[in-house]
Amino acid sequence: MEAPAAPHSRAETELTVTSPDQMRDLGRRLAKLLRAGDLVMLNGELGAGKTTLTRGLGEGLGVRGAVTSPTFVIARVHPSLGEGPPLVHVDAYRLGGGLDEMEDLDLDVSLSDSVIVVEWGEGKVEELTDDRLNVVIHRAVGDTTDEVRHVTVTGLGERWAAADLSVLGRF
């Protein structure tokens, strides 16, 4: 378990998302806060909306290619169509180890000039940087058609210390 960050190096907001369209919109709004060098870790149950959120990030960053789940290829790179950074979308679900197992992806090389989004990254990529966004998506589990998601966005490190993450909750 990760030790809590110091109070001065942490920003957090919680919000409720009621549809896939709102989750995608959240991704577009989150993209406005991101820049090259940012690491975003997405965690949540299967079907929680991690890839839908990443689609919105891709739209907001203006990258090429449809953002789909990279489960079987592990990682996809979406180059920028403009002046912004490329999006590197990683699905670490199938990777059991820590950063050692992910070393072949060269995420540490990509990090400085890309926005890296890692689904299922908890316990696997934290060593890349002290500055990261941790997005946790909670949904009702079991046989349900409930679209409501509770999202917690936590910015860790100096990069996010003064960030106003509350702007993400304005639908």
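Whatever comes next refers back to the structure up there.
The shown structure was predicted, so the numbers you read here are calculated from the model rather than taken from an experiment.

With respect to the sheet that holds strand β3 (residues 75–78)
So, point 1. The mixed open sheet is built from 7 strands, whose spatial order is β1-β7-β6-β2-β5-β4-β3. In this open sheet, the two strands that pair with only one neighbour each are β1 (10–17) and β3. Direction aside, the axes of adjacent strands within the sheet are offset by 15° on average.
So, point 2. Of the pairings in the sheet, the one linking β3 to strand β4 (residues 87–91) comprises 4 bridges and is antiparallel in character. Each residue of the ladder has a partner; that of arginine 76, found in β4, is histidine 89.
So, point 3. Most of the contacts of helix α1 (residues 20–31) go to β1, to which it runs at about 155°, and overall it touches β1, β6 (132–139) and β7 (149–156).

Description of the pattern of salt bridges
So, point 1. In total, this model carries 6 salt bridges according to the counting rule given.
So, point 2. Between arginine 24 and glutamate 59 there is a salt bridge, with its nearest N and O atoms 2.4 Å apart. Note that arginine 24 is positioned in helix α1 and glutamate 59 in helix α2 (residues 50–61), a separation of 35 residues in sequence.
So, point 3. Arginine 24 gets classed as partly exposed once you look at its relative accessible area, which sits at 31%.
So, point 4. Classification of glutamate 59 as partly exposed rests on a relative accessible area of 36%.
So, point 5. The shortest N-O distance in the salt bridge between aspartate 38 and arginine 159 comes to 2.8 Å. Residue aspartate 38 is located in the loop between α1 and β2 (39–44), and its partner arginine 159 is located in the segment after β7; the two are separated by 121 residues in the primary sequence. The same class applies to aspartate 38 and to arginine 159, which are both buried.
So, point 6. Through salt bridges that share partners, Arg24, Asp25, Arg28, Arg29 and Glu59 make up one connected network.

As for the side chain of asparagine 43
So, point 1. Of note, asparagine 43 is situated in strand β2.
So, point 2. Taking relative accessible area as the criterion, asparagine 43 reaches 8% and is therefore assigned buried.
So, point 3. Polar side-chain contacts of asparagine 43 include one of 3.3 Å to the side chain of asparagine 134.
So, point 4. Setting aside residues up to four positions removed in sequence, asparagine 43 forms contacts with Lys50, Trp120, Gly121, Glu122, Asn134, Val135, Val136 and Ile137.

Comments concerning the environment of leucine 57
So, point 1. Structurally, the position occupied by leucine 57 is in helix α2.
So, point 2. Separated by 31 residues in the primary sequence, leucine 57 and leucine 26 place their C-alpha atoms 8.1 Å from one another.
So, point 3. What leucine 57 contacts, discounting residues up to four positions off in sequence, is Gly27, Arg28, Leu30, Ala31, Leu34 and Val117.

A look at the nonpolar core
So, point 1. Residues Leu26, Leu34, Leu133, Val135 and Val151 are the most contacted members of the largest nonpolar core, which totals 27 residues.
So, point 2. Contributing elements (two or more residues each) for this core: β1, α1, β2, α2, β5 (115–119), β6 and β7.
So, point 3. Here the element with the most residues in this core is α1; it accounts for 4 residues.
So, point 4. Not counting the four nearest positions on each side in its chain, leucine 133 is found in contact with Leu30, Leu34, Leu39, Val40, Met41, Val153, Thr154, Gly155, Trp160 and Leu165.
So, point 5. Grouped together as the second largest cluster of nonpolar side chains are 10 residues, Ile74, Ile116, Val125 and Leu128 included.

Cut-offs used in this document
Residues numbered from 1 in each chain as written. Predicted model: local features only at pLDDT ≥ 70, side-chain atom pairs only at ≥ 80, totals over all residues. Heavy atoms only, no water. Pairing = 2+ DSSP bridges. Helix = DSSP H or I, 4+ residues; strand = E, 2+ residues; numbered from the N terminus. Axes fitted to C-alpha atoms, helices over the stretch in contact; angles between N-to-C directions. Contact = heavy atoms within 4.5 Å. Salt bridge = Lys/Arg side-chain N within 4 Å of Asp/Glu carboxyl O. Buried < 20%, exposed > 50% of the residue type's maximum accessible area, 1.4 Å probe, protein only. Polar contact = N/O pair within 3.5 Å; in protein donor to acceptor, adjacent residues only side chain to side chain. Core = buried A, V, L, I, M, F, W, Y, C linked by side-chain atoms within 4.5 Å.

Treat this as a map of the structure, not an account of what it does.
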